[in-house]
Amino acid sequence: MTRSISAVRGGLLAAAAALALGVITPPATAQDSDSGNWLFVTVTRGDGRHGATTPGNLLLCDPPQGHAHAAEACADLDRVGGDITRLRQKDAFCPMIYAPVTAHARGEWDGHPVDYRETFSNGCGLAAQTGSVFAVEA
């Protein structure tokens with residue numbers, strides 16, 4: 001029994017490492033989008049090294065699809081040329097509670113690669129800074 005648990009654990013660790021290193025790609029790729037504007041977005045509870053990651057969402061923007069706020073996320077990204085760091089912070093009253101979340105987006109926008117990762121002090125800070133781009137939770 002111990003050997004089978006160890007084998008399963010080893011297989012899961014190998015798959016997680018391959019995903020983290022980019023060896024495994026998201027189920028759909030840029031070839032599925034005619035516009036070339038797509039992002040695979042995830043949110044991890046914690047500092048990005050540890051914690052539970054939500055299932056990723058493939059945000060496609062022609063037509064907008066991928067999560068509940070895809071149209072708004074695509075419009076926000078269009079305004080900044082796909083550069084998530086240029087999204088303007090919205091006014092928000094966020095609690096001063098440290099519950100870090102790490103946002104990660106990888107994909108392509110207007111033919112340019114996108115690889116964004118940032119840790120925020122909490123989900124409210126993430127939403128205030130990035131709008132609906134990382135609205136991946138139900």
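Residues numbered from 1 in each chain as written. Predicted model: local features only at pLDDT ≥ 70, side-chain atom pairs only at ≥ 80, totals over all residues. Heavy atoms only, no water.

The name an unreviewed UniProt entry gives the protein chain is Subtilisin inhibitor domain-containing protein, with Streptomyces osmaniensis as the organism.

Enquirer: Explain the state of the cysteines here, please?
Expert: Two cysteines whose sulfur atoms are joined by a covalent bond form what is called a disulfide. Under the definition given, this model contains two disulfides. Cys94 shares a disulfide with Cys124; S-S distance 2.0 Å. Between Cys94 and Cys124, the disulfide has an S-S torsion of -75° and is therefore left-handed. Taken as a pair, Cys94 in the loop between α2 (70-79) and β4 (101-109) and Cys124 in helix α3 (residues 123-130) lie far apart in primary sequence, 30 residues in all. Judged by relative accessible area, Cys94 falls into the partly exposed class, the value being 28%. Ordering the disulfide-forming cysteines of the protein chain by sequence position, one finds them joined as 1-2, 3-4. (Disulfide = S-S within 2.5 Å. Helix = DSSP H or I, 4+ residues; strand = E, 2+ residues; numbered from the N terminus. Buried < 20%, exposed > 50% of the residue type's maximum accessible area, 1.4 Å probe, protein only.)

Enquirer: Looking at this model, I keep getting lost on the confidence of the model for the protein chain. Mind explaining?
Expert: Summary statistics for the protein chain give a mean pLDDT of 78 and a share of 68% for residues scoring 70 or more. For the stretch residues 1-34, pLDDT sits under 50, and the model shows 15 contacts to residues farther than four places along the chain or on other chains. (pLDDT = per-residue confidence, 0-100. Contact = heavy atoms within 4.5 Å.)

Enquirer: Is there a simple way to explain the pairing of strand β2 (residues 57-61) in this structure?
Expert: As a general feature of sheets, a regular strand has side chains that alternate between the two faces. β2 sits mainly inside the fold: five of its five residues count as buried. Both faces of β2 are covered, namely the face carrying Asn57, Leu59 and Cys61 and the face carrying Leu58 and Leu60. As paired strands, strand β1 (residues 38-45) and β2 are joined by four bridges and run antiparallel to one another. Residue pairing across strands places Val41 opposite Asn57, the latter belonging to β2. Pairing analysis gives two bridges linking β2 to strand β3 (residues 64-65), with the strands arranged antiparallel. Across the sheet, Cys61 pairs through a bridge with Pro64, a residue of β3. From the end of β2 to the start of β3, which pair antiparallel, there are two residues. (Pairing = 2+ DSSP bridges.)

Enquirer: I'm lost on the sheet that holds β2 in this one. Help?
Expert: Read from one edge of the open sheet, five strands run β3-β2-β1-β4-β5, paired in antiparallel fashion. Bordering the open sheet on either side are β3 and β5 (112-120), each of which pairs with just one other strand. In the packing of α2 onto the sheet, contacts are made with β1, β2, β3 and β4, and the angle to β2 comes to roughly 65°. Across the sheet, α3 lies against β1, β4 and β5, angled at about 145° from β5, the strand it touches most. (Axes fitted to C-alpha atoms, helices over the stretch in contact; angles between N-to-C directions.)

Enquirer: For this particular structure, what's the right way to read α2?
Expert: Those residues of α2 that fall on the buried side of the exposure criterion are Ala70, Ala73, Cys74, Asp76 and Leu77. Along α2, the residues classed as buried sweep out an arc of 160° about the axis, all on the same side. Those residues of α2 that are exposed and aimed more than 90 degrees away from the buried face are Ala71, Asp78 and Arg79. Buried residues along α2 sit in contact with β1, β2, β3 and β4. (Arc of directions from axis to C-beta.)

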